[in-house]
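Per-entry structural report
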Amino acid sequence: MNRIAQFFQNLLFPYDKCPICEEFTDGLCASCKKKLVFLKEEGLLEMKKGMSILAYNEEGKALLMAYKKQGSFYAGNDMVNLLLSAQRDFISSFQLITFAPSSYRSAQNLGFDHGAFMAERLSKEIGVPWRALFRPSKTEQKKLDMESRKDNADQIKLRHDSMEHLKGKRVLIVDDVFTTGSTVGKCVKLLENQGIQPYFLTVFKLI
Ligand SMILES: [Zn+2]
């Protein structure tokens, strides 16, 4: 995390308003939190390789946009806390935390990588190490239709040629929202090909 960026962030977004309704509160307010819909246990598994915690409803979208569009670290922290409140033990059961890659452009626009931020925060909270394992494709996924999303996700690569040291290990891939699943699907496949046991966890799921 860039400390200077964080300093200015803190000045611009003091932690006294809800990222969803912008009421003056200490972070996510109680009434907005109530409107977030936790997905039921049986709805969680996706290809048996991962899960999502919350429905991507209006409030979920507002929270994610506060994070990704305005770059509010507080909204990012709220999302990490929601993951932990739902699945702390599960997240702690991994040997490494990584994140699905953002495109170069979206990371540049934001000034930080939102996936890396979540992986780092989770790692600090539960004491499991984190590391970037994927190299992104150059195009922003959100600008593409379903078919092109898959082709674009196919361009995601591993950062390192040898993943020998991670063979047989349980690795958690975090991401913000599950839409078509092509990004996390590709990440899962890349790690499986290396003999790693990957699992993904997204904050939201488009349903
Ligand atoms: Zn609120």
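Computed from a predicted structure; not experimentally measured. (Residues numbered from 1 in each chain as written. Predicted model: local features only at pLDDT ≥ 70, side-chain atom pairs only at ≥ 80, totals over all residues. Heavy atoms only, no water.)

A few words on the overall build of the protein chain. Helix and strand counts for the protein chain stand at nine helices and six strands. Carbon and sulfur atoms make up 51% of the accessible area of the protein chain, which totals about 10800 Å². (Helix = DSSP H or I, 4+ residues; strand = E, 2+ residues; numbered from the N terminus. Areas by Shrake-Rupley, 256 points an atom, 1.4 Å probe, with all protein chains shown as cover.)

We now examine the nonpolar core. Within the largest apolar cluster, 42 residues are counted, with the highest numbers of intra-cluster contacts made by Ile91, Val174 and Phe204. What Phe204 contacts, discounting residues up to four positions off in sequence, is Ser52, Leu54, Ala55, Tyr56, Gly60, Leu63, Leu64, Met79, Asp176, Val177 and Phe178. If you look at the next biggest cluster of nonpolar residues, it comprises 19 residues, including Leu133, Leu158, Val184 and Ile196. (Core = buried A, V, L, I, M, F, W, Y, C linked by side-chain atoms within 4.5 Å. Buried < 20%, exposed > 50% of the residue type's maximum accessible area, 1.4 Å probe, protein only. Contact = heavy atoms within 4.5 Å.)

For helix H8 (residues 146-153), the full list of buried residues reads Arg149, Asn152 and Ala153. One side of H8 holds all its buried residues, which, seen down the axis, span an arc of 95°. On the buried face of H8, the contacting elements are helix H9 (182-192). (Arc of directions from axis to C-beta.)

A word on the pattern of salt bridges. Evaluation of the coordinates by the stated rule reveals seven salt bridges. Across the pair Glu120 and Lys124 runs a salt bridge, and its minimum N-O distance is 3.6 Å. Of the two residues, Glu120 and Lys124 are both situated in helix H7 (residues 114-126); the distance of four residues between them amounts to about one turn of the helix. On the basis of relative accessible area, Glu120 is assigned to the buried category, the value being 16%. Across the salt bridge formed by Glu125 and Arg121, the nearest N and O atoms sit 3.1 Å from each other. Remark: Arg121 and Glu125 occur in helix H7; sequence separation between them is four residues, near one turn of the helix. We classify Glu125 as partly exposed; its relative accessible area is 34%. A relative accessible area of 22% means that Arg121 is categorised as partly exposed. One network of salt bridges, with partners in common, ties together Arg88, Arg121 and Glu125. (Salt bridge = Lys/Arg side-chain N within 4 Å of Asp/Glu carboxyl O.)

Let's shift gears to the coordination of the zinc ion. Around the zinc ion, the donor atoms from the protein are Cys18 (SG), Cys21 (SG), Cys29 (SG) and Cys32 (SG), and they sit 2.3 to 2.4 Å away. One can describe the donor arrangement at the zinc ion as tetrahedral, given that its four donor atoms subtend angles of 102 to 115° at the metal. In terms of primary sequence, the donors binding the zinc ion are separated according to C-x2-C-x7-C-x2-C. Residue classification places Cys18 among the buried positions, given a relative accessible area of 0%. By relative accessible area, Cys21 is classed as partly exposed at 33%. (Donors = N, O, S within 2.8 Å, 3.2 Å for Na, K, Ca; no water. Tetrahedral: all angles 85-135°; square planar, octahedral: opposite > 155°, others 65-115°.)

Moving on to the sheet that holds strand E5 (residues 170-178). Sheet strands line up and pair through hydrogen bonds in the backbone, either parallel or antiparallel. The sheet built from four strands is open, its strands ordered E1-E6-E5-E2 with parallel pairing. Sheet topology places strand E1 (50-55) and strand E2 (96-99) at the edges, where each strand pairs with a single neighbour. Each neighbouring strand pair of the sheet contributes to a mean axis angle of 20°, computed without reference to strand direction. (Pairing = 2+ DSSP bridges. Axes fitted to C-alpha atoms, helices over the stretch in contact; angles between N-to-C directions.)

Let's shift gears to the packing of aromatic side chains. Applying the stated rule across the entire model yields eight aromatic pairs. With a centroid separation of 5.0 Å and 65° between ring planes, the pair formed by Phe90 and Tyr199 is classed as edge-to-face. Of the two residues, Phe90 is situated in helix H5 (residues 73-92) and Tyr199 in strand E6 (residues 197-205); the sequence distance between them amounts to 109 residues. Grouping residues by exposure puts Phe90 and Tyr199 together as buried. Members of the aromatic cluster, each reached through a chain of ring pairs, are Tyr67, Phe73 and Phe117. In this structure, Arg170 is placed above the aromatic ring of Phe94, and the distance from its NZ or CZ to the ring centre is 4.2 Å. Stacked on the ring of Phe178, the Lys or Arg Lys205 has its end atom at 5.5 Å from the ring centre. (Phe/Tyr/Trp six-rings, centres within 6.5 Å; stacked < 30°, edge-to-face > 60°. Lys NZ or Arg CZ within 6 Å of the ring centre and 35° of its normal.)

Quick look at the packing of H8 against H9 now. Orientation of H8 relative to H9, taken along the N-to-C sense of each, is 30°, at an axis distance of 9 Å. The angle between H8 and H9 places the two elements in the roughly parallel class. Crossing geometry of H8 relative to H9 is assigned as right-handed. Residues Arg149, Lys150 and Ala153 of H8 pack against Ser182, Thr183 and Lys186 of H9. For the contact of H8 with H9, the class distribution of residues is one nonpolar, two polar and three charged. (Parallel < 35°, antiparallel > 145°, perpendicular 65-115°, else oblique. Left-handed = near helix turned anticlockwise from the far one by under 90°. Nonpolar A, V, L, I, M, F, W, Y, C, P; charged D, E, K, R; others polar.)

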